[in-house]
Amino acid sequence: MVEGKAEKPVYIYINGDNVEIRDASHVWGKLVSETEDTLRKEVGVDRARIACIGPAGENLSLIAAVMNDKARAAGRCGVGAVMGSKNLKAVVVVGSKGAPTPADREKFMQVVREKVNKLRNDPVAGGGAPKYGTAVLVNIINENGLYPHRNFQTSVFAHAYDQSGEAMAAKYLVRNKPCFACPIGCARVNKLFYLKEEVEGPEYETVWAFGSDLGINDLHTIILANHLCNELGFDTISAGTTLACAMELFEKGYIKPEELGDEPPLRFGNTEVPIYYLPKMAFRQGFGAKMADGSYRLAESYGHPELSMSAKKLELPAYDPRVAQGLGLQYATCNRGGDHIKGYMISPEILGYPRKFDPQDDSEGKIEMVKEFQETTALVDAMGLCIFTMFGLWIEDYKDLLNAFFGWDLSVEDCLRIGERIWNLERAFNIKAGLTKADDTLPKRLLEEAVPEGPHKGSVCRLEKTLPVYYKLRGWNEDGTIPESKLSELGLEWYK
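Residues numbered from 1 in each chain as written. Predicted model: local features only at pLDDT ≥ 70, side-chain atom pairs only at ≥ 80, totals over all residues. Heavy atoms only, no water.

Section: the sheet that holds strand β2 (residues 18-23)
No. 1: Pairing is mixed in the open sheet, where six strands are placed in the order β2-β1-β6-β3-β4-β5. With partners counted over all chains shown, the strands left at the sheet margins are β2 and β5 (72-74), one partner each. Neighbouring strand axes in the sheet, compared pairwise and without regard to direction, differ in orientation by 20° on average.
No. 2: As judged from the three bridges shared by strand β4 (residues 66-68) and β5, these two strands associate in the antiparallel manner. When the sheet's bridge partners are listed, M67 is paired in β5 with A73.
No. 3: Each of β1 (10-15), β2, β3 (49-52), β4 and β6 (88-94) touches helix α1 (residues 32-43); the most contacted strand, β3, lies at about 140° to it. (Pairing = 2+ DSSP bridges. Helix = DSSP H or I, 4+ residues; strand = E, 2+ residues; numbered from the N terminus. Axes fitted to C-alpha atoms, helices over the stretch in contact; angles between N-to-C directions. Contact = heavy atoms within 4.5 Å.)

Overview of the pattern of salt bridges
No. 1: Applying the stated criterion across every chain yields a total of 38 salt bridges.
No. 2: Between E200 and R72 there is a salt bridge; the shortest N-O distance is 2.4 Å. Of this pair, E200 sits in strand β9 (residues 197-200) while R72 sits in strand β5; the two residues are 128 residues apart in sequence, bridging distant segments of the chain.
No. 3: Between R427 and D440 there is a salt bridge, and its shortest N-O distance comes to 2.9 Å. Here the residue R427 occupies a position in helix α19 (residues 412-432), and D440 occupies one in the loop between α19 and α20 (444-448), the gap between them amounting to 13 residues. Like R427, the residue D440 is buried in the burial classification. (Salt bridge = Lys/Arg side-chain N within 4 Å of Asp/Glu carboxyl O. Buried < 20%, exposed > 50% of the residue type's maximum accessible area, 1.4 Å probe, protein only.)

A word on the side chain of K86
No. 1: Among the secondary structure elements, K86 is positioned in the loop between α3 (79-85) and β6.
No. 2: In this structure, K86 is buried with no salt-bridge partner, the nearest side chain bearing the opposite charge being E3 at 7.7 Å.
No. 3: Of note is the side chain of K86, whose polar atom sits 3.1 Å from the backbone oxygen of V2.
No. 4: Residue contacts for K86: discarding those within four places in its chain leaves V2, E3, G4, K5 and A6. (Lys, Arg positive; Asp, Glu negative; His and termini not counted. Polar contact = N/O pair within 3.5 Å; in protein donor to acceptor, adjacent residues only side chain to side chain.)

Things to note about the domain arrangement of the protein
Many descriptions give the size of an interface as the accessible area lost when the pieces come together.
No. 1: Domain parsing of the protein yields domain 1 (10-94), domain 2 (133-308) and domain 3 (320-489).
No. 2: On a C-alpha basis, the centres of domain 1 and domain 2 stand 24 Å from each other.
No. 3: Counting from both sides, the interface comprises 19 residues of domain 1 and, opposite them, 23 residues of domain 2.
No. 4: Summed over both partners, the interface of domain 1 with domain 2 comes to about 1,700 Å²; 51% of that surface belongs to carbon and sulfur atoms.
No. 5: Three residues stand out in domain 1 for area buried against domain 2, namely I63, R72 and R76, and they jointly supply 35% of the buried area on that side.
No. 6: In this assembly, domain 1 and domain 2 are joined by two salt bridges.
No. 7: Note that R76 and D235 form a salt bridge whose closest N and O atoms lie 3.0 Å from each other.
No. 8: For the pair domain 1 and domain 2, the interface holds 14 residue pairs in polar contact (both at pLDDT 80 or more).
No. 9: When residues of the side of domain 1 that touches domain 2 are traced back to their parent elements, those giving at least two are α1 and α2 (55-58). (Domains from an automatic or database assignment. Buried area = accessible area lost by both parts, 1.4 Å probe.)

A look at the packing of helix α4 (residues 105-120) against helix α18 (residues 395-406)
No. 1: Relative to each other, α4 and α18 sit at 160°, their axes nearing to 8 Å. Considering the angle they form, α4 stands roughly antiparallel to α18. As for the relative orientation of α4 and α18, their crossing is left-handed in sense. Across from K107, F108, V111, V112, K115 and K118 in α4, the residues of α18 making contact are D397, D400, L401, A404 and F405.
No. 2: In terms of residue class, the contact of α4 with α18 is made up of six nonpolar, no polar and five charged. (Parallel < 35°, antiparallel > 145°, perpendicular 65-115°, else oblique. Left-handed = near helix turned anticlockwise from the far one by under 90°. Nonpolar A, V, L, I, M, F, W, Y, C, P; charged D, E, K, R; others polar.)

Observations concerning the sheet that holds strand β8 (residues 188-192)
No. 1: The strand order across the open sheet formed by three strands is β7-β8-β9, and the pairing between neighbours is antiparallel. With one partner strand each, in any of the chains shown, β7 (173-176) and β9 form the two edges of the open sheet. Geometrically, the sheet is characterised by an average inter-axis angle of 30° between neighbouring strands, direction not taken into account.
No. 2: The sheet contact formed by β7 and β8 spans three bridges and is antiparallel. If you follow N176 over to β8, its bridge partner there is R188.
No. 3: Across the sheet, helix α9 (residues 219-232) touches β8 and β9, and the angle it forms with β8 is around 110°.

Notes on α4
No. 1: Counted at 1.5 Å a residue, the expected span for α4 with its 16 residues is 22 Å, and the 22 Å between its end C-alpha atoms agrees.
No. 2: For α4, the full list of buried residues reads F108, V111, K115, V116 and L119. End-on, the buried residues of α4 take up no more than an arc of 135°, which puts them together on one face. Counted as exposed and oriented over 90 degrees from the buried face of α4: E106, Q110, R113 and R120.
No. 3: Considering only its buried residues, α4 is in contact with α5 (124-132) and α18. (Expected span 1.5 Å × (residues − 1). Arc of directions from axis to C-beta.)

Brief notes about unusual backbone geometry
No. 1: Going from G201 to P202, the amide bond is cis rather than trans, its omega being 10°.
No. 2: Within the secondary structure layout, P202 lies in the loop between β9 and α8 (204-209).
No. 3: For the bond running from Y353 to P354, omega is -15°, close enough to zero to count as cis.
No. 4: Structurally, P354 can be placed in the loop between α16 (346-351) and α17 (364-383).
No. 5: A positive phi angle, close to 50°, is found at D69, a residue other than glycine.
No. 6: Inspection of the secondary structure assignment puts D69 in the loop between β4 and β5.
No. 7: Its relative accessible area of 34% is what places D69 among the partly exposed residues.
No. 8: Unusually for a residue other than glycine, K196 sits at a positive phi of about 55°.
No. 9: Relative to the helices and strands, K196 is located in the loop between β8 and β9.
No. 10: Residue K196 is classed as exposed on the basis of its relative accessible area, which comes to 80%.

Pasting the structure below:
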């Protein structure tokens, strides 16, 4: 826990039980990769692991990420700005204590082998993801008519294949780069011809944010934009969709050409835009300063917050909720705002995990599935596992892993209750912070303007129907608050 603010830039060095606060003035203003290389050399331990911020976090951009291993991001909600506000450039860690010991190692490893085998034999976790990365979704989502284009003005992109995982593998892929001990191995290392380098990424969301959402179909531009975000320390979803919002504001005449001066025009399809404006956003220079805090603040400053495709001011990711009703409900109710991974309803609504639902279904059964997905994901997060294991595994499998490791005897219901406690505790925190039912909503466009083309032409997100049912299923009041009896039922009566 880090409290207060340092008088000058610092980093925290943790080596076993020893903790030091060291001067970081020499890396303040540096890009992420240079910061990591410098600090790793400075502590003299090659296996040191580093979480740091780039210039975006230093300059308190509300869409700044905390970066680790140079290309991995704690990306959403502006956590990089929190470190920047404390003058904390990095946390450098060298561990010394070894791994925890299972209650029954032989039994645990048997269960692990069983679950890994399930993943390797799954068509997504063992097939599409390792072969084409997360961008394998581009063609699937576009063909299903929910691949947002031009700031969600429509949800089909004619040039989707040109930025797909298949196209990336054919033209740019160097190798896969799995996370530690991962049986899936979805991450990509690609050629970046512009810099004559090999770089990590981009992932599906980033491909969309700097591709279809900006009206850009040049994959090399997308790879470069992703690399810039990694070096500057940006959330790629929020950075890309903020540019998309700016493009629509420019298209509609709210941003005047004279405001940009000699800077590139904010036109959809202009490949100059992400490459030029991302550094300007990170350093709060020129028109980039107006975009540094995300799409909501930008659109609000021009009197048109409805053009920010966000929920609770967090930019929405790469799926149109007018097509997938469960995902729309997840976007609106997610405790951290417009987010997909805390309840990835694309799995049941498009991919068929753990069972298939029609994306337009808005029945109570679908809403129950939203609740179950949110709670299962909370459990998986608490276990420290990747949510991509949910392609192939489900609540019963996570129960087996927990029981085998700890020697417990949890039921499926017990595991879901763990997730429910987490979800309700987060909700209770938000209520204390001032959020209300009015924040459980989506942009007007997605609630009132029908999808103009594609297989789901004419649909909108029917949140007015699904939200009251969701509150009821959660045992909440009609205004979205949590009754004291519900908090007591979950053992959370202490948090009032």
